[in-house]
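# Structure assessment
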Amino acid sequence: MQNREPYMQKIIGNRYTKTKASFEKSLCLFLYQLGKKGKSLKTCLNISGLGMQFKGVKAVQNVSMNLEEGKLYALIGTNGAGKTTIINMISGVLKPTAGTICFQETDITGMRPDRIAKMGVTRTYQNLRLFKKMTVLDNVLMGAQMHSTCGAWESVFQTSRFRENEKSMREHARKMLDIMGIAAFEKEFAGSLPYGNQRKLEIARILASNPKLLLLDEPAAGMNPQESHELVDIIRGIQKEFGLTILLIEHDMKVVMNLCEYIYCMAAGEVIAEGGPEAIRNNPRVIEAYLGKRASHVTN
Ligand SMILES: Nc1ncnc2c1ncn2[C@@H]1O[C@H](COP(=O)(O)OP(=O)(O)O)[C@@H](O)[C@H]1O
Ligand SMILES: [Mg+2]
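Described below are features of the structure shown in this document. (Residues numbered from 1 in each chain as written. Chains lettered and ligands numbered in written order. Predicted model: local features only at pLDDT ≥ 70, side-chain atom pairs only at ≥ 80, totals over all residues.)

## Side note on the site of ligand 1
- As a structural note, the neighbourhood of ligand 1 is formed by F54, V57, A59, G77, N79, G80, A81, G82, K83, T84 and T85.
- Those elements that provide at least two residues to the shell around ligand 1 are β2 (57–68) and α2 (83–90).
- Top element by residues in the shell around ligand 1 is α2. It accounts for three residues.
- Grouping the amino acids of the shell around ligand 1 by side-chain chemistry returns four nonpolar, six polar and one charged. (Near = placed C-beta within 6 Å. Helix = DSSP H or I, 4+ residues; strand = E, 2+ residues; numbered from the N terminus. Nonpolar A, V, L, I, M, F, W, Y, C, P; charged D, E, K, R; others polar.)

This is how it looks when you write it as structure tokens:
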């Protein structure tokens, strides 16, 4: 027995070492997988100390925001609060006078709008920007074109790769029109569509560019209640289907409260409150900021 003990210990020790090694390996793998799965909770956009000054007018000051991937955020505030200026800075239309903007760990502060769009940050405008004399389908193709892999010479010589690429872009564009519920109008001129459908077309166009982050500046503005109700359902649907991160500027508090997981409220260029719908609804500063309009906007 006495002779066997060191031998047993050796075996147990070896086993222990082996078990420990395999446990550590599994743990590493588990943590790695967790990291991969946890990707959906990664930061999509981080804004820090952002500021914009127009000849002495502080349109935006010291704004910080953190948007996680795959979530729907709202940016609310009265007219002139600085909401559009924020989107203009994120999308590169305006160069911030202070602060930083990071998209998926890349500093995009002051980058050119086309480069930012190519990275997957897309936006709609408060005032519609469509090619009104082009067909609905061609408008969406303009969005899809951004990721075309064909060079100019391939389009001149109409190579088979170019034709293949065109075909798949068309299919993709039609799918986006279908998602937005306006596929039936693909051959009509964009300008001939009713206003609500033009808004939907604008979203179809940016969807066709395979965005990662959607910045929607009052997409329901000018729509009747039924149209805006439909749009809310569509936004919810596309966010789920494409796993997009969305920042929505919207005045209709019912829409915001029902749709968004997290809300930033701005007044006079600053974020005065942030949080989930319930916290925002009951925030005295938010209610106060809206009192000049209609407090029921917030409390409803
Ligand atoms: N290009 C600009 N030049 C000068 N002032 C501007 C410009 N863009 C916005 N502003 C001012 O910045 C403030 C915020 O505007 P904006 O971001 O459009 O507000 P919101 O979208 O919240 O209504 C307003 O006072 C507006 O007049
Ligand atoms: Mg605005």
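## Quick word on the pairing of strand β1 (residues 43–54)
- Pairing of β1 with β2 involves eight bridges; the strand directions are antiparallel. Bridge pairing links M52 to V60 in β2.
- Between β1 and β2, which pair antiparallel in sequence order, lie two residues; one of them, K55, sits at a positive phi of approximately 40 degrees.
- Strand direction decides the pairing type here: β1 and strand β4 (residues 98–103), joined by five bridges, are antiparallel. Bridge pairing links N46 to C102 in β4. (Pairing = 2+ DSSP bridges.)

## Here we look at the environment of K212
- Note on placement: K212 falls in the loop between α7 (195–207) and β7 (213–217).
- Residues K212 and C44, 168 residues apart in the sequence, show an inter-C-alpha distance of 8.4 Å.
- Once residues within four sequence positions are removed from consideration, K212 is found in contact with C44, G120, L244 and T245. (Contact = placed C-beta atoms within 7 Å.)

## Description of unusual backbone geometry
- Residues other than glycine seldom take positive phi values, yet K55 does so here, at roughly 40 degrees.
- Of note, K55 is situated in the loop between β1 and β2.
- Judged by C-beta crowding, with 4 C-beta atoms within 10 Å, K55 ranks as exposed.
- A positive phi angle is found at N210, which is not glycine, with a value near 50 degrees.
- Within the secondary structure layout, N210 lies in the loop between α7 and β7. (Buried ≥ 20, exposed ≤ 12 C-beta atoms within 10 Å, placed from the backbone.)

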